[in-house]
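A structural walkthrough
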Amino acid sequence: MRGITAFSAVAALWLASASTGMAAPSLTVLCGVDETWCAAMKTAYEAKTGLEISVTRKSTGDILNQIRAEKAAPTVDVWWGGTGDTHLQAGSENLLEPYQPAHERDMLPWAQNFFAMSGGRSAGIYAGALGFAYNGDLLRELKLPAPTCWKDLTDIAYRGRIQSGNPNSSGTAFTTLATLVQLFGEDEAFRYLAALNRNIERYTPSGAAPVKAAARGETLIGISFMHDAVTQKQVGFPLVIVAPCEGTGYEIGAVSIVKGARNIEEAKRFVDFALSPEGQGTGAAAGQNQVPSNAKSSLPLAAPDISMIKMVDYDFATFGSPDERSRLLRRFDAEIAATN
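Residues numbered from 1 in each chain as written. Predicted model: local features only at pLDDT ≥ 70, side-chain atom pairs only at ≥ 80, totals over all residues. Heavy atoms only, no water.

**Side note on unusual backbone geometry**
- Located in the positive-phi region is Asn-94, a residue other than glycine, with phi close to 60°.
- You can see Asn-94 is positioned in the loop between helix 4 (84–92) and strand 4 (96–97). (Helix = DSSP H or I, 4+ residues; strand = E, 2+ residues; numbered from the N terminus.)

**A word on helix 7 (residues 171–184)**
- Counted at 1.5 Å a residue, the expected span for helix 7 with its 14 residues is 20 Å, and the 20 Å between its end C-alpha atoms agrees.
- Summarising burial for helix 7: 12 of the 14 residues are buried, a large majority.
- Sitting at the head of helix 7, Ser-170 places a side-chain oxygen 3.2 Å from the backbone nitrogen of Thr-172. (Expected span 1.5 Å × (residues − 1). Buried < 20%, exposed > 50% of the residue type's maximum accessible area, 1.4 Å probe, protein only. Polar contact = N/O pair within 3.5 Å; in protein donor to acceptor, adjacent residues only side chain to side chain.)

**Some details on the side chain of His-227**
- Residue placement: His-227 occurs in helix 10 (residues 226–234).
- In terms of polar contacts, His-227 uses its side chain to reach the side chain of Gln-290, at 3.4 Å.
- Residues within four places of His-227 in sequence aside, it is in contact with Ala-127, Gly-128, Glu-251, Asn-289, Gln-290 and Pro-304. (Contact = heavy atoms within 4.5 Å.)

**A few points about the nonpolar core**
- In this structure, Trp-150 and Leu-153 are the most contacted members of the largest nonpolar core, which totals 40 residues.
- Considering every element that reaches this core, the biggest residue donor is helix 7, with six residues.
- Here this core spans two domains, and each of domain 1 (2–16 + 24–128 + 251–303) and domain 2 (129–250 + 324–339) adds at least three residues to it.
- With residues up to four places along the chain from it excluded, the contact list for Leu-153 reads Phe-132, Pro-147, Tyr-158, Ile-162, Tyr-192, Leu-196, Asn-199, Ile-221 and Ile-223. (Core = buried A, V, L, I, M, F, W, Y, C linked by side-chain atoms within 4.5 Å. Domains from an automatic or database assignment.)

**Focus on the environment of Arg-68**
- By secondary structure assignment, the location of Arg-68 is in helix 3 (residues 60–69).
- Along the sequence, Arg-68 and Asn-94 sit 26 residues apart, while their C-alpha atoms lie 9.8 Å from each other.
- Not counting residues up to four positions away in its chain, the partners in contact with Arg-68 are Glu-93, Leu-95 and Pro-322.
- A polar atom in the side chain of Arg-68 sits 2.6 Å from the side chain of Glu-93.

**Here we look at helix 5 (residues 109–117)**
- Restricting attention to buried positions, one finds in helix 5 the residues Ala-111, Phe-114 and Phe-115. For helix 5, the angular spread of the buried residues around the axis is 100°, confining them to a single face. Set apart from the buried face of helix 5 by more than 90 degrees, the exposed residues are Pro-109, Asn-113 and Ala-116.
- Of the surrounding elements, those touching the buried residues of helix 5 are helix 4, strand 5 (122–135) and strand 10 (250–258).
- Of the residues flanking the end of helix 5, it is Gly-119, one or two places downstream, whose phi is positive at about 70°. (Arc of directions from axis to C-beta.)

**Examining the pairing of strand 10**
- Strand 10 sits mainly inside the fold: eight of its nine residues count as buried.
- As defined by bridge partners, strand 3 (residues 78–83) adjoins strand 10 across four bridges and the pair is classed as antiparallel. By the bridge assignment, Trp-79 is partnered in strand 10 with Ser-256.
- Examined bridge by bridge, strand 4 and strand 10 share two bridges and lie antiparallel to one another. Bridged to Glu-97 within strand 10 is Ile-257.
- Here strand 5 runs beside strand 10; their pairing, made up of seven bridges, is antiparallel. Paired with Ala-127 across the bridge in strand 10 is Ile-252. (Pairing = 2+ DSSP bridges.)

**Some remarks on the state of the cysteines**
- Taken as a whole and assessed by the stated rule, the structure comprises two disulfides.
- Across the disulfide, Cys-31 is cross-linked to Cys-38 (sulfur-sulfur distance 2.0 Å). Measuring the twist about the S-S bond at about -90°, one finds the Cys-31-Cys-38 disulfide to be left-handed.
- A residue is classified by how much of its surface remains accessible, and Cys-38, at 0% relative accessible area, is buried.
- Sequence-ordered numbering of the bonded cysteines in the chain yields a pairing of 1-2, 3-4. (Disulfide = S-S within 2.5 Å.)

**Comments concerning the pairing of strand 5**
- A large share of strand 5 lies buried, amounting to 14 of its 14 residues.
- Relative to strand 11 (residues 291–292), strand 5 is paired through two bridges, and the arrangement is antiparallel. Of the residues in strand 11, the one forming a bridge with Ala-127 is Val-291.
- When strand 5 meets strand 8 (residues 221–225), the two strands line up antiparallel, connected through five bridges. Paired with Gly-131 across the two strands is Ser-224, which belongs to strand 8.
- Examined bridge by bridge, strand 5 and strand 9 (residues 239–242) share four bridges and lie antiparallel to one another. Looking at strand 9, one finds that Tyr-134 is bridged to Val-240.

Shown next as structure tokens:
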């Protein structure tokens with residue numbers, strides 16, 4: 001608890017400094033994980049190297065859009081964190097630089113497979129399962145049934161009491177969309193999303209925001225990665241975390257060097273640090289609970305045991321395709337978001 005509080009203070013200082021900017025940073029990083037971990041990683045890397053770097057937190061889809069927009073003149077060196085299928089999309093658009101990291105041989109098999117799938121452009125740094133969480137105190141107060149499955153969330157009892165991310169900006173929410181398509185088939189998934197939409201209070205820009213809102217009692221149920229809910233539960237919020245009974249998807253968070261990076265050698269050193277046990281340890285120290293990709297890294301004590309969760313065989317190649325992403329988002333916007 002003291003460690004998490006300390007890192008929260010660091011995060012506040014980092015956010016304040018980010019607003020004023022830095023003169024000629026040695027490295028510019030866009031960060032797709034929780035703000036607290038972004039701040040902890042910045043502090044750790046600067047302490048190790050003696051350099052000043054710029055780290056800005058954004059949602060995964062927003063990072064992809066910025067890198068696309070700056071293709072001719074990139075201002076970003078490294079994209080660290082965020083769902084791997086979005087990194088794969090950037091790689092397939094030739095927006096990322098291939099790099100063989102120093103710790104690649106120490107990676108767990110799922111991370112090695114992801115690296116090979118990316119053509120050496122993106123390296124997996126963590127994994128985490130998708131799910132949802134509800135506020136147990138609020139559920140009892142409202143005298144509502146406890147949901148255990150995806151399809152339970154369409155019950156009229158939860159009308160206006162659920163939050164989920166917007167898949168246009170949130171990598172978490174795009175993983176949700178892709179997961180449901182793989183679980184139910186595309187047309188059935190969109191029928192499900194239409195039914196769920198009637199219970200959605202709001203679609204948030206950030207994927208972790210729904211469980212944070214549920215933790216605070218601002219909504220009853222939040223759809224997010226389970227490790228984000230664990231982090232909220234660890235600091236005392238009354239969340240009950242659910243691995244849906246039908247099965248669920250998962251993410252491989254990744255790190256990539258942007259093609260045309262102005263600080264290419266420092267970018268490579270940052271990637272090596274991000275894949276090292278020391279770099280990956282910044283997650284647990286910042287109160288995060290993803291499963292790290294380096295076999296030599298320590299597993300956070302509260303990390304969900306993904307081997308015990310019923311998982312879909314997530315098709316990163318298909319849902320990492322820019323054409324498939326664009327097609328699914330157009331359908332989501334036309335059939336779901338337009339009616340919310």
